[in-house]
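Here is how the chains run, residue by residue.
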Amino acid sequence: MGAVSGRLPDFPWDKLTSFAETARAHPEGIVDLSIGTPVDATPEVARRALADAVDAPGYPTTVGLPEVRQAVVDWLAGVHGVTGLDTDQVLPLIGSKEFIATLPSYLGLGPGDVIGYPALAYPTYEVGAALVGAKAVATDSLTAFGPETPALLWINSPSNPTGRVLPPEHLRKVVDWCRERGVLLVSDECYLDCVWEGEALSVLHPDICGGSADGILVVHSTSKRSNLAGYRCGFVAGDRAVVAELLAVRKNLGMMMPTPAQRAMVAVLGDEAHVKEQHERYRARRTKLRAALEGAGYTIEHSEAALYLWTTKGPDGPDSWALVSELAAQGILVAPGAFYGAAGNHHVRIALTASDERIDAAVARLSGQA
Ligand SMILES: Cc1ncc(COP(=O)(O)O)c(C=O)c1O
């Protein structure tokens, strides 16, 4: 094992290989609900913008086109009620994952620093901490830090993997706690447009942050909302000084979003029609799949938002690998909750990102009709 890979947690998906083989052996094929990768067409509005921008001989800038930063400010204001943000508080990202994994290094964190993230979380927060040798603390409780003050605290509402939405009073409490201690709060909001029940607020909404982005960053992605994962379009916005620092570092690293992708991001942020259309597609799949899982004896917890059903047979039921195994036997591949933290040991995460035909196949199998 190399020096870098030895520092990182095991790449979890490798552990799913034998279950994928079992699922693939199903006579009517695998229904792969293990990863949240969009499968529906990239919207026309994005394709057109990309095609119109293919002539791009010069280097893009790290800071991005002025139109990109403006599109982000306008979108956050128009769709998510974020007021008072300027374009110099925004940076484009080459998809949000690269940023999540490298933010601790941009900030110069290292051994001796503490990085907090949710008890059940997207694994890249831990990867970012591991890469710089910082102490990673997976917790939903601010008191769990004890006398230690984290340098960086990640939150993720709506959550991957649980689909849970943090209520406004909880978000306000976290903002206050971070500001009192000088902790940088980074809110991964890549599922903010994927809410099925209730409402989800950005941490930059004035009801949460009091109208100031001080001490706060939000990270967004167009991958899920716009079926654009292959274009790699995301952004970070928030605290002016931190954004300026990130820009200074990213410039040196050549972290530039390709110009055609920037044009596509401007186009999708300016259009809500394709988002609504895609949302309804997922809603129909979610309704069917949820009913079939419940009919087959599973319980769905949280899952009021995001693209997953957080599924269990209870704390005394099978563990997450046994659940993966029983679903793989029906040709349905899902992700074990254990990938996301010890609190997921009796859950699986079931993605809604499959075609209608594949979701129908899963529903038929779960209902004993296939
Ligand atoms: C919580 C969360 N954050 C960030 C990402 C990364 O998305 P992208 O790199 O496509 O922007 C994902 C992808 O699944 C995610 O679930």
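See the structure shown above.
All of the points below concern the structure found in this document. Keep in mind the model is a prediction, meaning the values are calculated, not measured. (Residues numbered from 1 in each chain as written. Predicted model: local features only at pLDDT ≥ 70, side-chain atom pairs only at ≥ 80, totals over all residues. Heavy atoms only, no water.)

**Overview of the sheet that holds strand β10 (residues 308-312)**
And step 1. Strand order in the open sheet formed by 4 strands is β9-β10-β13-β12, with antiparallel pairing between adjacent strands. With one partner strand each, in any of the chains shown, β9 (299-301) and β12 (335-336) form the two edges of the open sheet.
And step 2. Summarising the sheet, β9 and β10 pair through 3 bridges and their orientation is antiparallel. Bridge pairing in β10 links T299 to T312.
And step 3. Along the sheet, helix α11 (residues 273-295) makes contact with β9, β10 and β13 (347-351), crossing β10 at roughly 5°. (Pairing = 2+ DSSP bridges. Helix = DSSP H or I, 4+ residues; strand = E, 2+ residues; numbered from the N terminus. Contact = heavy atoms within 4.5 Å. Axes fitted to C-alpha atoms, helices over the stretch in contact; angles between N-to-C directions.)

**Quick word on the site of the ligand**
And step 1. Taken together, 15 residues sit near the ligand, with D188, Y191, S221, S223 and R232 positioned nearest.
And step 2. In the model, a nitrogen atom of the ligand is placed 2.6 Å from a nitrogen or oxygen of the D188 side chain.
And step 3. S221 has a polar side-chain atom sitting 2.7 Å from an oxygen atom of the ligand.
And step 4. In the complex, 92% of the free accessible area of the ligand, which totals 400 Å², lies under the protein chains.
And step 5. With respect to the pocket detection grid, the ligand is positioned in the largest pocket.
And step 6. Here the shell around the ligand gets 3 residues from one element, more than from any other, and that element is helix α5 (residues 96-106). (Near = heavy atom within 4 Å. Polar contact = N/O pair within 3.5 Å; in protein donor to acceptor, adjacent residues only side chain to side chain. Areas by Shrake-Rupley, 256 points an atom, 1.4 Å probe, with all protein chains shown as cover. 1 Å grid on protein atoms, 1.4 Å probe; cavity = no way out; pocket = protein on both sides within 12 Å on 5 of 7 lines; lining within 4 Å. Sits in = over half its atoms within 2 Å of the grid points.)

**Considerations on the nonpolar core**
And step 1. Core analysis: the biggest nonpolar cluster contains 43 residues, and L76, L85, L153, L185, V203 and M265 have the highest contact counts within it.
And step 2. Mapped by element, the contributors of at least two residues to this core are α4 (66-80), β5 (152-155), α7 (168-181), α8 (206-209), β7 (216-221), β8 (234-238) and α10 (259-269).
And step 3. At 6 residues, the largest contribution of residues to this core is made by α4.
And step 4. Setting aside anything within four residues of it in sequence, one finds L85 in contact with V73, L76, V90, L204, A213, A237 and G238. (Core = buried A, V, L, I, M, F, W, Y, C linked by side-chain atoms within 4.5 Å. Buried < 20%, exposed > 50% of the residue type's maximum accessible area, 1.4 Å probe, protein only.)

**Digging into the sheet that holds β7**
And step 1. Across the sheet, 7 strands lie side by side as β2-β8-β7-β6-β5-β3-β4; this open sheet has mixed pairing. The open sheet terminates on both sides in strands that have one partner only, identified here as β2 (90-93) and β4 (135-138). Ignoring which end each strand starts from, the neighbouring axes of this sheet average 20° apart.
And step 2. Pairing of β7 with β8 involves 5 bridges; the strand directions are antiparallel. Residue H220 lies in a different strand from β8, and its bridge partner there is F235.
And step 3. On top of the sheet, α7 reaches β5, β6 (184-188) and β7; it is set at about 170° to β5, its chief contact.

So, to be careful, I would describe these as geometric facts and stop short of saying anything about function.
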